[in-house]
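Okay, here's what each chain looks like letter by letter:
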Amino acid sequence: MKLEAENLTKAYHQHEVVNIDKVAFGAKGLEGLIGPNGAGKSTLMGLLTRRIAPTSGRIRLDVGSGSRELNPLKSHEVARIGLIKTNQRIQGFDSLTIRDSLRLAVTSPRSEGFMSIFAGERDPEDVEERVSRLIEAFPFTDRNGYARSGGEKKLVDILRCLIAEPRLLLMDEPTAGLPDDITRTVMDIVRQKVADGKMRVVVVEHDLPLIWEYCDYVHFLSEGSILFEGAPEEVKSNRVVAEKYMGV
Amino acid sequence: MDYLIFSFSLMLVYIGLAQLLHVQFGLLGIPNFGVVGFWGLGLYGTGVLYVSYDVPLVPAIIVASLIVAVVSYVLASMVLQRSGQAILAATLAFAAMVATLVVTEKQLTNGVQGLGTIGFPFGDLASRNVVYFGVLLAVVVALIWVSAKLRDSRMGRMMIAIRDNEELAASLGKDTAGTKRTVFVVTCALMGLLGGLTAPLHQFLVPYHLAPSLTFAVWIALVLGGKSHNLGAMIGVFATFGLFDILIETYAPVPAEQAIMLPNFKLFCYGVLLVMIIMFRPAGMLGEDRPRHRARADAAPANDTAVKEG
Amino acid sequence: MFDVQSLRSGYGEMSVLKDLTFSVSDEIFAVLGANGAGKTTLLKTLARLLPLQAGSLSLNGADVSRSPAYAMPDAGVAYVPQEENVFPDLSVQENLSIGGRTGHRTKAEKIEEVFALFPRLKERRGQAAGSLSGGEGQMLAVGRALMQDPKVLLLDEPSAGLSPLFVDALFSSIAETRKERGLTIVLAEQNAVKTLEIADRVMVLSLGEMHLLRPRSELQMSDITAAYHI
Amino acid sequence: MLLIDAIFIGLLEASPLILAAMGFTLIFYLNGFMNIAYAESITFGAYFAVLFNVVLGAHFYLSIVPSMLLSGCLSVAVYLAIFRPALNRGVGPTEMIILSVGVSFMLRYGLILVVGPENLFLNEPNITYMQFMGLGASNLQLVALVLVFVGAGVLYWMIYNTGLGEQMRGLANNHDLAMASGINPHRTSVAIWFIAGCAGGLSGVFSGVFAQVTPYMGWNVILITMLVTIVAGIGSVRGAVIAAVVAGVLTAFITLVTKPLYSEVALLMAFIGVLTFRGARTA
């Protein structure tokens, strides 16, 4: 399970935002991606999930049985082969309840065809059970209703991706707008799923204490390039990282 | 009596169109402002096949609906992935094109002179207009039933997700473009089918039937009733077509010299109603829909002991 | 100048800033912090583009907690956002002209002043602002704000995405402008090293809360490292 | 020769369209929705002209300006009473269009209920036909052509060279930055709705004097106005002017070489084709 990018670049008006020779995500379990403002983290996330078209370069997803080129795929096809991303800005389906939103995420597109109109039961028992188990781990104001606050919407966005169990999950600033205890519960679930071998995860964060605590491996991105990679302790004590963060 | 049956039959057609628009816009968020174009292509397609080529009525309706399906497929491929405003303008333009072509293609449609006559099926049955009303009723009830099932199904849930946030739905692996195209083509073809079924009601087809006011009447009905409520379309048609076209025009004691102003008064009221609804009750008279499925599954008592996943 | 009391602010119901109290006098007041510390939220709130969720904000003694954003330029506040800080379809000259709507001096006089400060803009006066390079866009954004003849300038990460050479030039013109005009500057920055060269006082934000507030002379690099969690 | 004919006839026919497209674009640009009720600015302009010219007996040329101003006032009134509250409540763009259809119906059929559905005629000034570069035209047509182009020119100048135009383009370009620069969005909006209404009214007066005044005259041109605006690209007033001229000339050209009705079909097809490539993408 590896997501590899080679010679990946993205330029807007001749201004290069991302320029990466080679990088691999998903090889080490729970990974972190950090970097100062304007380093190109969000652009890189967009490139990896095909929401942004690269100026040049190749992206490949290696799944045990062989590797797939991501370049020619549309964004829903990328999701179907197992690469999903949580959103930095709040995204949601306003007219779906929390439960429906999670049921939607866990239902495979194959069983959402025309014939599903005439199915007796909308969702099988095991779907209901997984949805309930996940929802009950969190203190939503109304577990059977709609996400009320911005924080709840943000949480639903993350839970949607967790319950879908992609091969590789990219989390884009999951803590922004979430209370500390909720963030911990989320990250504990993530860590458990990674440990169980259900998925690999890359977390993009500016909350560095969280990165140091949870990640097995950290990539440091600055000015569009990967400048340093290593275990949290190595990154933390690296001079380049400190300099780039504080500006030299 | 015959006139009343005609009015009620036409009302069924309106309900059917509004129900299809509910699927397109209410569930999937496609602003189709060319309803009259798809319906009219079915209507005139059936008429031309029946009158000029002696095709029996039922095959004529089927062929006409297939033509509508092909045309809507082309249109869908061109503009469906563009912004809502572009879709709206393109469908409006499409309807205008159909209306103009009906006038220009005289050798097919007989232009402004009109195309006729299309008779009811069922041979020389005395009350065949009543039987035909029954057929229409069956078709429209089936449409409402299927769209109600759709609303509560996995497919419907996915469609609502696409309407709410297409990019997010795609990022969860849903084929948003494909779903939109397929649903659009099927519902447009069904609008064509309703057009074909309207042909025997009018018997004699004139380009005036393709005026854009039909599109707006259907939209007003949908918005009045509630665009995302399954029965909103039907209630909206009762409140507009049923109230004004049938009740008032048939039964209200209006002196003859003022009767000619009635249609204008009706459209004025449509306008006022539409403005009031959007300003004060944006979800329509019936409000938001709450599908039954959701109520059943979510009524189960929530277990408050925190259980961790995995 | 600004007097901020137990300010809470954010987007929708979500709070980014939690209970900030500080005041800004005639100085270069730097707001340092890592990504997501709440610097942009703070400046947007000071410019009145975000509503206060709690607390109060006053300017020269007058309460402006509820003033509309378009009243702030007349009160002497100019704001330079970090992103989308120009009108892309308008020309350089028109961008400046929009800035010059307030104050008593003529537009022409002020435009010449901005052109003297940033000669590059003069060469490109007829060009659409959207076609400028990153650095030129930044100059235009600052220039547009200076056209307002402000007493307080809110600058949100002017150095982001600029080359080091350019950052030096920009910071020296900021320092120069302050010296010439006696302008109060609230400067939000991630770049701690450069900021410390020109700031009078420094507030360090960490995840929406004030980590410390000190004159520059009493600040150690290790304080910042701690707030940045490196 | 055919081409010159087409350009001349096209300009004559397009001249009211140019004004309408500019006015429509202003509102689209500033508030981000297509205001179908703009059709009634056009229609009411013509009816106001009937009021001054026929009912009150003023000379046609004298009734132009007051009709235009009244149309502008109507536009502002509708904005303040209906569209601004709706925009403030966060009604989405598609619902805004439906709302504007409702407003359009309300105004148009309200008008019919008050003044009746009959077609009316303006008392035209004396008409003489003349030869102009080998082309036949009436003096009225030429005056109209000149006045419309002057009107469009003033509007264009207003948008690109005055403070108000600058404020408007600033607001449409970057709303937050415009506010932070001291631009009051409420005041600018009222001014823009007034000017757009005036442009529509002027367009209506000339459409009315060329043919007749009917309650449907605005409605009949609103589709083409909408398409011109979208094809020209959201909010480009320059683009709207060019697209309107091209549409007019193209219509005239196709009319001259084929049946008149096909020109409309061809134009609509061209529009749909352009939308395919230029409409903003969704996903």
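Above this text sits the structure in question.
As a starting point, this report considers the structure included with it. (Residues numbered from 1 in each chain as written. Chains lettered and ligands numbered in written order. Predicted model: local features only at pLDDT ≥ 70, side-chain atom pairs only at ≥ 80, totals over all residues. Heavy atoms only, no water.)

### Regarding the overall build of chain A
Per the secondary structure count, chain A includes 9 helices and 10 strands. Taken against the 2.2 N^0.38 rule, which gives 18 Å for 248 residues, the C-alpha radius of gyration of chain A at 19 Å falls within 12% of a compact globule. Summarising its shape, the C-alpha atoms of chain A cover approximately 60 × 40 × 35 Å along the three principal directions. Counted over contacts in chain A with a minimum sequence separation of 6, partners at least 24 positions apart contribute 66%. Entry remark: accessible area of chain A is about 10,000 Å², with carbon and sulfur atoms responsible for 46%. Looking at chain A, you have 34 positive and 37 negative side-chain charges, and the mean spots of the two groups are 4 Å apart. (Helix = DSSP H or I, 4+ residues; strand = E, 2+ residues; numbered from the N terminus. Rg over C-alpha atoms; globule rule 2.2 N^0.38 Å. Contact = heavy atoms within 4.5 Å. Areas by Shrake-Rupley, 256 points an atom, 1.4 Å probe, with all protein chains shown as cover. Lys, Arg positive; Asp, Glu negative; His and termini not counted. Charge placed at Lys NZ, Arg CZ, Asp CG, Glu CD.)

### Quick notes on the interface of chain D and chain C
Every contact between the two is made by 18 residues of chain D and, on the other side, 21 residues of chain C. Carbon and sulfur atoms supply 55% of the area that chain D and chain C bury against each other, a total of about 1,700 Å² over both sides. The tally of links from chain D across to chain C stands at 2 salt bridges. Among the ionic pairs, lysine 107 of chain C bridges to glutamate 166 of chain D, the shortest N-O distance being 3.9 Å. Taken together, the connections running from chain D to chain C amount to 7 residue pairs in polar contact (both at pLDDT 80 or more). Breaking the side of chain D that touches chain C down by element, the ones donating at least two residues are α6 (163-173), α7 (175-180) and α8 (185-210) of chain D. Here the side of chain D that touches chain C is built from residues that sort into 7 nonpolar, 8 polar and 3 charged. (Buried area = accessible area lost by both parts, 1.4 Å probe. Salt bridge = Lys/Arg side-chain N within 4 Å of Asp/Glu carboxyl O. Polar contact = N/O pair within 3.5 Å; in protein donor to acceptor, adjacent residues only side chain to side chain. Nonpolar A, V, L, I, M, F, W, Y, C, P; charged D, E, K, R; others polar.)

### Some points on helix α9 (residues 176-202) of chain B
Helical periodicity: at 3.6 residues per turn, an α-helix aligns residues three or four positions apart in one direction. Residues and elements named next belong to chain B. Taking 1.5 Å per residue as the helical rise, α9 with its 27 residues ought to reach 39 Å, and the 38 Å between its terminal C-alpha atoms agrees with that figure. Of all 27 residues that make up α9, 21 are buried, and the element is covered over most of its length. A positive phi of about 65° marks glutamine 203, the residue just after α9. (Expected span 1.5 Å × (residues − 1). Buried < 20%, exposed > 50% of the residue type's maximum accessible area, 1.4 Å probe, protein only.)

### So, the nonpolar core
Formed by 290 residues in total, the largest nonpolar core has its most connected members in Phe138 of chain A, Tyr228 of chain C together with Phe83 of chain D. Considering each element in turn, this core owes the most residues, 14 residues, to helix α1 (residues 2-27) of chain B. Beyond its immediate stretch of four places on either side in the chain, tyrosine 228 of chain C contacts Leu208, Tyr245 and Met246 of chain A together with Leu32, Gly33, Ala34, Glu189, Gln190 and Ala192 of chain C. In terms of nonpolar packing, the next biggest core, distinct from the first, is built from 31 residues, Val152, Leu154, Ala188 and Met203 of chain C among them. (Core = buried A, V, L, I, M, F, W, Y, C linked by side-chain atoms within 4.5 Å.)

### Comments concerning the pairing of strand β10 (residues 225-230) of chain A
All names here are of chain A. Of the pairings in the sheet, the one linking strand β9 (residues 217-222) to β10 comprises 5 bridges and is antiparallel in character. Its bridge partner being in β10, phenylalanine 220 is matched across the sheet by phenylalanine 228. The turn joining β9 and β10, which pair antiparallel and follow one another in sequence, is formed by 2 residues; a positive phi near 50° is taken by glutamate 223. (Pairing = 2+ DSSP bridges.)

### Some remarks on the sheet that holds strand β8 (residues 184-189) of chain C
Residues and elements named next belong to chain C. Within the open sheet, the 6 strands sit side by side as β6-β7-β8-β3-β9-β10. Their pairing is mixed. Where the open sheet ends on each side, the last strands, each with one partner, are β6 (77-80) and β10 (209-215). When the angles between neighbouring strand axes are averaged without regard to direction, this sheet yields 15°. With 5 bridges joining them, strand β7 (residues 152-156) and β8 adopt parallel strand pairing. When the bridges of β8 are listed, leucine 153 appears paired with isoleucine 185. The sheet strands contacting helix α5 (residues 134-146) are β6 and β7, and the helix crosses β6 at an angle near 170°. (Axes fitted to C-alpha atoms, helices over the stretch in contact; angles between N-to-C directions.)

### So, the interface of chain B and chain D
Note: interface size is frequently given as the accessible area lost on complex formation between the parts. Taken together, the contact pairs 46 residues of chain B with 50 residues of chain D. A per-residue breakdown of the area chain B buries against chain D is headed by Arg82, Gln85 and Met279 of chain B, which together make up 17% of the total. Taken together, chain B and chain D are joined by 1 salt bridge. The closest approach of N and O atoms between lysine 227 of chain B and glutamate 95 of chain D, which form a salt bridge, is 3.5 Å. Between chain B and chain D we count 3 residue pairs in polar contact (both at pLDDT 80 or more) in total. Considering every element that reaches the side of chain B that touches chain D, the biggest residue donor is helix α4 (residues 84-104) of chain B, with 14 residues. For the side of chain B that touches chain D, a count of residues per class yields 34 nonpolar, 7 polar and 5 charged.

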